[in-house]
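Letter by letter, the chains look like this.
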Amino acid sequence: MIKQFIPNEYIPSVFDLNLEELNDRQIKGIITDLDNTLVEWDRPEATPELLDWMYFVKRQGFQVTIVSNNNKERVSSFSEPTGIQFIHSAKKPMGHAFRKACKRMGLKKNEVVVIGDQVLTDVFGGNRAGFYTVLVVPVGQGDGFFTKINRKVERRVLHRLKDKGLIQWEE
Ligand SMILES: [Mg+2]
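What counts and how
Residues numbered from 1 in each chain as written. Predicted model: local features only at pLDDT ≥ 70, side-chain atom pairs only at ≥ 80, totals over all residues. Heavy atoms only, no water. Salt bridge = Lys/Arg side-chain N within 4 Å of Asp/Glu carboxyl O. Helix = DSSP H or I, 4+ residues; strand = E, 2+ residues; numbered from the N terminus. Buried < 20%, exposed > 50% of the residue type's maximum accessible area, 1.4 Å probe, protein only. Arc of directions from axis to C-beta. Contact = heavy atoms within 4.5 Å.

Participant: What is the right way to look at the pattern of salt bridges in this model?
Facilitator: Working definition: two side chains of opposite charge can pair if their charged atoms are close together. Taken as a whole and judged by the stated rule, the model has 5 salt bridges. The partner of Lys-92 in a salt bridge is Asp-33, with the nearest N and O atoms 2.9 Å apart. Here Lys-92, found in the loop between strand E4 (85–87) and helix H4 (96–105), pairs with Asp-33, found in the loop between strand E2 (29–32) and helix H2 (48–59); they are 59 residues apart in sequence, far enough to count as distant. Side by side, Lys-92 and Asp-33 carry an identical accessibility label, which is buried. Here Glu-40 ties to Arg-43 by a salt bridge, and the two come within 2.9 Å at their closest N and O atoms. Overall, Glu-40 belongs to the partly exposed group, its relative accessible area being 23%. One network of salt bridges, in which partners are shared, links Asp-33, Lys-92 and Asp-122.

Participant: Hey, could you run me through H4 in this one?
Facilitator: One full turn of an α-helix is made of 3.6 residues, so residues set three or four places apart face in the same direction. Regarding H4, the residues found buried are Ala-97, Phe-98, Ala-101, Cys-102 and Met-105. Taken around the axis of H4, the buried residues stretch over an arc of 140°, which confines them to a single face. Away from its buried face, by an angle of more than 90 degrees, H4 presents the exposed residues His-96 and Lys-103. Buried residues along H4 sit against E2, strand E3 (63–67), E4, strand E5 (112–116) and helix H5 (119–128). Just downstream of H4 lies Gly-106, where phi reads positive at about 70°.

See below:
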């Protein structure tokens, strides 16, 4: 059970994703969280750097879907200008939205990675649904109300994993 909270990979940001390695592992799709993963939760639009990255990722042949627990207004107004497909109100860690995203991309779950900044929603949900999971350091400092609560629980989980020697990284 506790292993479900451990990501397969832990990287500083989405920009550090090793696309070549993903390609070598036959990964063809990326499911990414939005808030604090792609941009700060309160930034309405993608940064120029992120737009470049998304363009590059697509050029490398990857499909991308944004899967966010946030509402339709937030997720669509962010995603539509980027041309990236999205699922809002995803109810992560439930697996339904991940499976839906896979289906839309026409990919199997072993061809898709799940990326996000939260252990309790992105990593736990992704692992439980059978995906390769990647945890990133949250973009920005601020958080919404529910995320703040989640992070408190998350820190506790991470500390327990560390105590058990199941993870090595520093916070
Ligand atoms: Mg997030």
